[in-house]
Amino acid sequence: MTERKKSPQDLRSARWVAKDDLRSFGHRSRLMQMGYGPADWQGRPFIGILNTWSGLNPCHAHFRDRVEDVKRGVLQAGGFPLELPALSVDETFTKPTSMLYRNLLAMETEENIRSHPLDGVVLMGGCDKSTPALLMGGLSAGVPMIFLPAGPMLRGNYAGKTLGSGSDAWKFWDERRAGNISDQEWQGIEGGIARSYGTCMTMGTASTMTSIAEALGFTLPGASSIPAADAGHKRMARGCGHRIVDMVWDDLTPDRIATDAAIRNAALVAMATGCSTNAVIHLLAIAGRAGVALTLDDLDQLGRTVPVIANVRPSGDTYLMEDYYYAGGLRALMAEMGERLDLTAMTVSGDPLGQTLQGAKVFNNDVIRPMHNPVYHEGSLAVLRGNLCPDGAVIKPAACDPKYYNHTGPALVFDSYAEMKIAIDDEDLEVTPEHVLVLRNAGPQGGPGMPEWGMLPIPKALIKQGHRDMLRLSDARMSGTSYGACVLHMAPESHVGGPLALLRTGDMIRLDLAARRLDMLVDDAELARRKAVWTPPKPPYARGYGWMFARHVGQADTGCDFDYLERDFGHAASEPDIY
């Protein structure tokens, strides 16, 4: 047993409960009011368990029970478990988008930790934005923390066929629009595509971000791959509760884990998994909270050095997260990457990454490919620049038809999703497969919150001709379960006067993936004339949180954090006064 770096007198919580004064008397008496006694807390670390359970979040439906496993682990290790509710930011029901509330959960996480007598925290998340939000808030708060991933749901199934979250929803919806799927079949798919609690079981944003959390070193080894309904998930939850107590005594704070090396590892691992495009925005924001310099160009460069080796949909063509777990999961994938990672990076286990990967094996080399036989020869994502997106845009080449890697075609521009939706369902719409669909006013401020509208539906006229992909551009995001030739996160966004605001229907657009270029073929003089007559759109909010969001959110190329939450905005608040 290693020697503790902290004594009970050094604990944060001691300031609340261990003094011989009226305030500590009040705190102790209120603990006793809840049925606790001195034996429950004396000399024990106070462990906060931030639980993002919600009755409207199917991804976290098991958290109401799983928190009891965490508490069991905390008690076994000699800690004092305290559950605190946190904003759920569910992906399914929160509108217009959960991204609007990522920073709110990050703020709540930070302030929950700072304002309460917590010595360490277990962060329970998994649904898309909950993972980055909890990590961002925890990094800013600075106490020892461990992340508990919700885990992917079981494979979908209908009529003997395996279904994947999101990816098959888009695919079968196109067939439904084409008239190829009956009402009865549609209802069967609806009931079979999500068969258990847990996050999407494709390599969507949820599994991307929990993989990033593990690659950063903030989960127990192998935790991100365990299906939510697997008994191993309960054991992992107990392990999180047990381990956080030791982390408190060892003073293993997040700044010792979220280093330059860890951020680089996370980016490389994300690229190798065939990650969601949303990884870019969230990883930039996480790096910013950790004080690590990271840019879009850094991510593009890292993506050129590592191939996609996780054959999991949507970048892969067959397998889902359950198959990935049985094939060895993220530990096996990182072991396959080997020396491309910095194996000295520290993890919450107290061991460096390399030590946590010892014994990891690939059990199916078609699910987790060897580096010499990848799914795609470069990383999952590429960053584009040009006169349409001078501050950058993102595309997922691994999940789109290669014929669009170099494409020139006329723009078909829509100023709102409602306008676009009407047009694409019009079977008489004048559109060809060479057209480039464009949606604007869907960025961080314009959306508001940058909704996942970027996988624009293929026009019905083309669907009926058999087309299932075309080049699409927007300042929006898209679901990590999506696929296709979609250019996203165009910055600066059109709502603030970015070049996308100047584009007109009929303008020619050229994409050159190899050169990482995206341009509208319009001369500078004409763009200047258009800029001179452009007027800003009306802000979506005139009061409340949305009003505050619009005034402080950054653009996509910087991670969309609030300016006043960024690490270099000012020094962190000191410990709260207790009188």
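The following refers to the structure shown.

Now for the overall build of the protein. The number of helices and strands found in the protein is 20 helices and 14 strands. The C-alpha atoms of the protein give a radius of gyration of 24 Å, which matches the 25 Å a tight globule of 579 residues would have. For the C-alpha atoms alone, the extent of the protein along its principal axes is close to 80 × 55 × 45 Å. The proportion of buried residues among the 579 residues of the protein is 60%. Long-range contacts, defined here as pairs at least 24 residues apart, represent 77% of the contacts in the protein between residues at least 6 apart. Of the accessible surface of the protein, which amounts to about 22,500 Å², a share of 51% is contributed by carbon and sulfur atoms. For the protein, the centre of its 58 positive side-chain charges and the centre of its 68 negative side-chain charges are spaced 3 Å apart.

So, about the sheet that holds strand S2 (residues 80-85). Strand order in the open sheet made by the four strands is S2-S1-S3-S4, with parallel pairing throughout. Strands with a single pairing partner mark the edges of an open sheet, and in this sheet they are S2 and strand S4 (145-149). Taken over all neighbouring pairs, the strand axes of this sheet differ in orientation by 20° on average, direction set aside. Across six bridges, the pairing between strand S1 (residues 46-51) and S2 is parallel. Along S2, the bridge assignment pairs leucine 50 with leucine 84.

Mapped onto the elements, arginine 477 comes out in the loop between strand S11 (472-474) and strand S12 (486-491). Looking at arginine 477, the relative accessible area reads 0%, which means it is buried. Here asparagine 278 takes part through its side chain, which lies 2.9 Å from a polar atom of the side chain of arginine 477. Polar side-chain contacts of arginine 477 include one of 2.6 Å to the backbone oxygen of methionine 450.

With that out of the way, let us pick up helix H9 (residues 205-216). An α-helical turn contains 3.6 residues, so a residue and the one three or four places further along point in the same direction. Compared with an ideal rise of 1.5 Å per residue, which puts 12 residues at 16 Å, H9 spans 16 Å between its outermost C-alpha atoms and is within 8% of the ideal. By the criterion of burial, H9 is predominantly enclosed, with 12 of the 12 residues buried. All buried positions along H9 are accounted for by Thr205, Ala206, Ser207, Thr208, Met209, Thr210, Ser211, Ile212, Ala213, Glu214, Ala215 and Leu216. Where H9 is buried, its residues contact helix H6 (130-141), S4, helix H11 (260-273), helix H12 (278-290), helix H14 (321-326) and helix H15 (329-337). A positive phi of about 105° marks glycine 217, the residue just after H9.

Within the largest apolar cluster, 109 residues are counted, with the highest numbers of intra-cluster contacts made by Val122, Phe218, Tyr324, Leu333 and Met337. The greatest single-element share of this core, amounting to nine residues, is contributed by H11. Leu384, Ala398, Met420 and Ile424 belong to the second largest nonpolar core, which has 48 residues in total.

The N-to-C vectors of helix H4 (residues 63-76) and helix H10 (residues 231-250) enclose an angle of 40°; their axes lie 7 Å apart at closest approach. Judged by the inter-axis angle, H4 sits oblique to H10. Here the hand of the crossing between H4 and H10 comes out right-handed. Note on element contacts: H10 touches H4 through His233, Lys234, Ala237, Arg238, Gly241, His242, Ile244 and Val245, opposite Arg66, Asp69, Val70, Arg72, Gly73, Val74 and Gln76. Residue classes in the contact of H4 with H10 are distributed as five nonpolar, five polar and five charged.

Okay, helix H19 (residues 524-533) next. Restricting attention to buried positions, one finds in H19 the residues Glu526, Leu527 and Arg530. For H19, the arc enclosing every buried residue in end-on projection is 100°, short of the 170-degree limit, so these residues lie on one face. Opposite the packed face of H19, turned more than 90 degrees from it, sit the exposed residues Asp524 and Ala532. Considering only its buried residues, H19 is in contact with strand S14 (517-520).

Let us look at the sheet that holds strand S8 (residues 392-395). Taken in spatial order, the eight strands make up an open sheet running S7-S8-S12-S11-S10-S9-S13-S14, and their pairing is mixed. The open sheet is flanked by strand S7 (382-384) and S14, the only strands paired with a single partner. Along the sheet, successive strands turn relative to each other by an average axial angle of 25°, direction set aside.

Side-chain pairs of opposite charge can arise where the charged atoms are in close proximity. Applying the stated criterion across every chain, the model contains 37 salt bridges. The closest approach of N and O atoms between aspartate 128 and lysine 129, which form a salt bridge, is 3.9 Å. Owing to a relative accessible area of 7%, aspartate 128 belongs among the buried residues under this scheme. Between arginine 517 and aspartate 519 there is a salt bridge; the shortest N-O distance is 2.7 Å. Here the salt bridges do not stand alone but share partners, grouping Glu91, Asp128, Lys129, Glu452 and Arg477 into one network.

A separate point is the environment of valine 306. As for its position among the elements, valine 306 is in the loop between helix H13 (296-303) and H14. On the accessibility criterion, valine 306 (0% relative accessible area) is buried. With 262 residues separating them in the primary sequence, valine 306 and arginine 44 have C-alpha atoms 45 Å apart. Every residue in contact with valine 306, bar those within four places of it in the chain, is listed here: Leu268, Met271, Ala272, Met337, Arg340, Met371, Glu378 and Gly379.

Residue alternation in strand S10 (residues 436-439) divides its side chains into two sets, Val436 and Val438 and Leu437 and Leu439, and both sets are buried. The pairing of strand S9 (residues 406-414) with S10 spans four bridges and is classified as parallel. Bridge pairing links valine 413 to valine 438 in S10. Bridge count between S10 and S11: three bridges; the pairing is parallel. What sits directly across from leucine 437, in S11, is arginine 472.

The next point concerns unusual backbone geometry. Here lysine 95 and proline 96 are connected by a cis peptide whose omega angle stands at 5°. In this fold, proline 96 is placed in the loop between S2 and helix H5 (102-115). The omega torsion of the bond from glycine 447 to proline 448 falls at -5°, within 30 degrees of zero and hence cis. Locating proline 448 in the fold gives a position in the loop between S10 and helix H18 (460-463). Its identity is not glycine, yet aspartate 251 carries a phi of approximately 55°, on the positive side. The phi dihedral of arginine 516 is positive, around 60°, even though this residue is not glycine. Inspection of the secondary structure assignment puts arginine 516 in the loop between strand S13 (508-512) and S14.

Conventions used here
Residues numbered from 1 in each chain as written. Predicted model: local features only at pLDDT ≥ 70, side-chain atom pairs only at ≥ 80, totals over all residues. Heavy atoms only, no water. Helix = DSSP H or I, 4+ residues; strand = E, 2+ residues; numbered from the N terminus. Rg over C-alpha atoms; globule rule 2.2 N^0.38 Å. Buried < 20%, exposed > 50% of the residue type's maximum accessible area, 1.4 Å probe, protein only. Contact = heavy atoms within 4.5 Å. Areas by Shrake-Rupley, 256 points an atom, 1.4 Å probe, with all protein chains shown as cover. Lys, Arg positive; Asp, Glu negative; His and termini not counted. Charge placed at Lys NZ, Arg CZ, Asp CG, Glu CD. Pairing = 2+ DSSP bridges. Axes fitted to C-alpha atoms, helices over the stretch in contact; angles between N-to-C directions. Polar contact = N/O pair within 3.5 Å; in protein donor to acceptor, adjacent residues only side chain to side chain. Expected span 1.5 Å × (residues − 1). Core = buried A, V, L, I, M, F, W, Y, C linked by side-chain atoms within 4.5 Å. Parallel < 35°, antiparallel > 145°, perpendicular 65-115°, else oblique. Left-handed = near helix turned anticlockwise from the far one by under 90°. Nonpolar A, V, L, I, M, F, W, Y, C, P; charged D, E, K, R; others polar. Arc of directions from axis to C-beta. Salt bridge = Lys/Arg side-chain N within 4 Å of Asp/Glu carboxyl O.

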